[in-house]
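Coordinate analysis (summary)
Here is what each chain is made of, one letter per residue.
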Amino acid sequence: MTTAVPALDLPALLPASWRAALAPHLDPAGTAELGEFVAREYATRRVYPPVEDLFAAYRRCAPEDCRVLLLGQDPYHRPGQAHGLSFSVRPGVRVPPSLRNVFRELAADLGVTPPTGGDLTGWAAQGVLLLNSVLTVREGSPNSHAGHGWEAFTDATIRALDARDQRIVFLLWGGYARRKRGLITNPGHVVLEAGHPSPLNPRGFLGCRAFSATNKALADAGRPTIDWTRSAG
C-alpha cells in the first residue's frame, strides 16, 4: 500500500512579498496540483535542488529590488550542483560549461577576469533574479519535471515583474527562454535576447555583450547598474 505524501503548499514557502506579487497571476488549482507532484517527487526520487533551496532565487531577490531577470531552463541534474539559482553552482563545485561561456563573454564585454567559482549569489544580492522556468529536476534526467506545472508558476513570476513600473532588464538566452518574450508587454522594460551559452551552441551567445547592454538599459532609466565582478556571495 502506497503511503500518501502531503502536498507542498508552494505559495506558503515563498517570501511574503513574492507571494503577494504572484497571487493575481496563479491558478490555485494548478498550483495545488504542482505542489502534489513536487512533494511526491521529493519523497520518492532524488530531486534537485534540495527542497530548502527550492525558492532560493526568490529569497535572495525581492520583487521590489529586482533589476534583472536571467532566465534558465531547469536546474543542474548532477549531485551537489543546483542550489536554486539559474546557471549558478555551489561554492567549490566545478564551473559547468555553459557558465564558463557566460564568464568568457563577461570578460570580452567588460574585461572582468573569469571567477574561479560558479556561485552567483553576489549577482542575486544586487537584484538579479536567477530564475529557472522549471524549478526542480530528477537526478541525471534533464527536463524530467517539464510539463508538470512549473512553467505556469514561473510565467506568473515574469508577469508579476512585467507589471512593475521600474525598469527591469529581461535576459532571454536560448530558444526556450526566448519563447517567453510574449509575456513581457510593458514598454518600460528591456528584453535582451541571445543564443544559449552552451558550448553545443557555437554561435549566437558569444559576442552578445549582454552585460554592458544591461547596465546601459538600467542607467538610461536612472536605476543602479550591476557590478558583474561581484558574482560570489
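What you see is a predicted model, and the numbers here were worked out from it, not measured in a lab.

The terminal C-alpha atoms of helix α5 (residues 97–110), which comprises 14 residues, lie 20 Å apart, in line with the 20 Å expected from a rise of 1.5 Å per residue. Along α5, the residues classified as buried are S98, L99, N101, V102, F103, E105, L106 and D109. Buried-residue contacts for α5 involve α6 (121–124), β5 (169–173) and α9 (210–220). G111 lies just past α5 and shows a positive phi near 75 degrees.

Between α5 and α9, the shortest axis-to-axis distance is 7 Å and the interhelical angle comes to 65 degrees. Together, V102, E105, L106, D109 and L110 of α5 and A210, F211 and S212 of α9 make up the contact between the two elements. Broken down by class, the residue content of the contact of α5 with α9 amounts to five nonpolar, one polar and two charged.

Turning our eyes to something else, we now look at the packing of aromatic side chains. What the rule picks out here adds up to twelve aromatic pairs. Here the aromatic rings of F55 and F153 are separated by 5.6 Å at their centres, their planes lie at 5 degrees, and the arrangement is stacked. With F55 in the loop between β1 (47–48) and α4 (56–60) and F153 in helix α7 (residues 150–162), the pair connects residues that are 98 residues apart, well separated along the chain. Classification of F55 as buried rests on a relative accessible area of 2%. F153 sits in the buried class, given a relative accessible area of 2%. When the ring of F211 is compared with that of W228, the centres are 4.9 Å apart and the planes differ by 75 degrees; the resulting orientation is edge-to-face. Residue F211 is located in helix α9, and its partner W228 is located in the segment after α9; the two are separated by 17 residues in the primary sequence.

Here we come to the environment of Y58. Structurally, Y58 is set in helix α4. Residue classification places Y58 among the buried residues on the basis of a relative accessible area of 2%. Separated by 26 residues in sequence, Y58 and G84 have C-alpha atoms that sit 9.0 Å apart. In contact with Y58, other than residues within four places in its own chain, are L14, P15, W18, L22, L129, L131, L135, F153, T154 and T157. A polar atom in the side chain of Y58 sits 2.8 Å from the side chain of T157.

In this numbering, the UniProt entry assigns the feature "active site" (unreviewed entry) to D74. In this view, D74 contacts N132, V134, V137, P142, N143 and S144; residues no more than four positions away in its chain are not counted. In this structure the side chain of D74 is engaged in a polar contact, spanning 2.7 Å, whose partner is the backbone nitrogen of N143.

Residue placement: D119 occurs in the loop between α5 and α6. Notably, D119 is buried but unbridged: the nearest opposite-charge side chain belongs to R60, and the N-O separation is 6.7 Å. Separated by 3.1 Å, the side chain of D119 and the backbone nitrogen of T121 make a polar contact.

Moving on, we come to unusual backbone geometry. Cis geometry marks the peptide bond from Y48 to P49; its omega dihedral reads -5 degrees. In this structure, F87 is a non-glycine residue whose phi angle is positive, near 70 degrees. Position of F87 among the secondary structure elements: in the loop between β2 (68–72) and α5. Residue N143 is not a glycine yet carries a positive backbone phi of 65 degrees. Along the chain, N143 turns up in the loop between β4 (137–138) and α7.

The rules we used
- Going along each chain's sequence as written, the residues are numbered from 1 onward.
- Totals for whole chains, interfaces and linings use every residue, but because this is a predicted model, local features are given only for residues with pLDDT of at least 70 and side-chain atom pairs only at 80 or more, for both listing and counting.
- Side-chain numbers here rest on the full set of heavy atoms in the structure, without hydrogens or water.
- We count a stretch as a helix when DSSP gives it H or I for four or more residues in a row; a strand needs E for two or more, and each element gets its number in order from the N terminus.
- Given a helix with a known number of residues, its expected span is that number minus one, times 1.5 Å.
- Each residue is assigned to one of three classes by its accessible area relative to the maximum for its type, calculated with a 1.4 Å probe on protein chains only: buried under 20%, partly exposed between the two thresholds, exposed over 50%.
- Between two residues, a contact is recorded if the distance between any of their heavy atoms is within 4.5 Å.
- Axis definition: a line fit to C-alpha positions, over the contact stretch in the case of helices; interaxial angles, taken between N-to-C directions, run 0 to 180 degrees.
- All amino acids are sorted into three groups, where Ala, Val, Leu, Ile, Met, Phe, Trp, Tyr, Cys and Pro are nonpolar, Asp, Glu, Lys and Arg are charged, and the leftover types, Gly among them, are polar.
- Each Phe, Tyr or Trp ring (for Trp, its six-membered ring) is paired with any other whose centre lies within 6.5 Å, and the angle between the two planes then decides the class: stacked below 30 degrees, edge-to-face above 60, tilted in between.
- Distance and chemistry together define a polar contact, namely a pair of N or O atoms within 3.5 Å, with one atom able to donate a hydrogen and the other to accept it when in protein, and with adjacent residues in sequence counting only for side-chain atoms on both sides.
- UniProt positions are given in the numbering used here, feature names are shortened, and annotations may be inferred rather than shown by experiment.
- The charge count treats Lys and Arg as positive and Asp and Glu as negative. His and the chain ends do not count.
- By convention in these notes, a salt bridge is any Lys or Arg side-chain nitrogen within 4 Å of a carboxyl oxygen on Asp or Glu.

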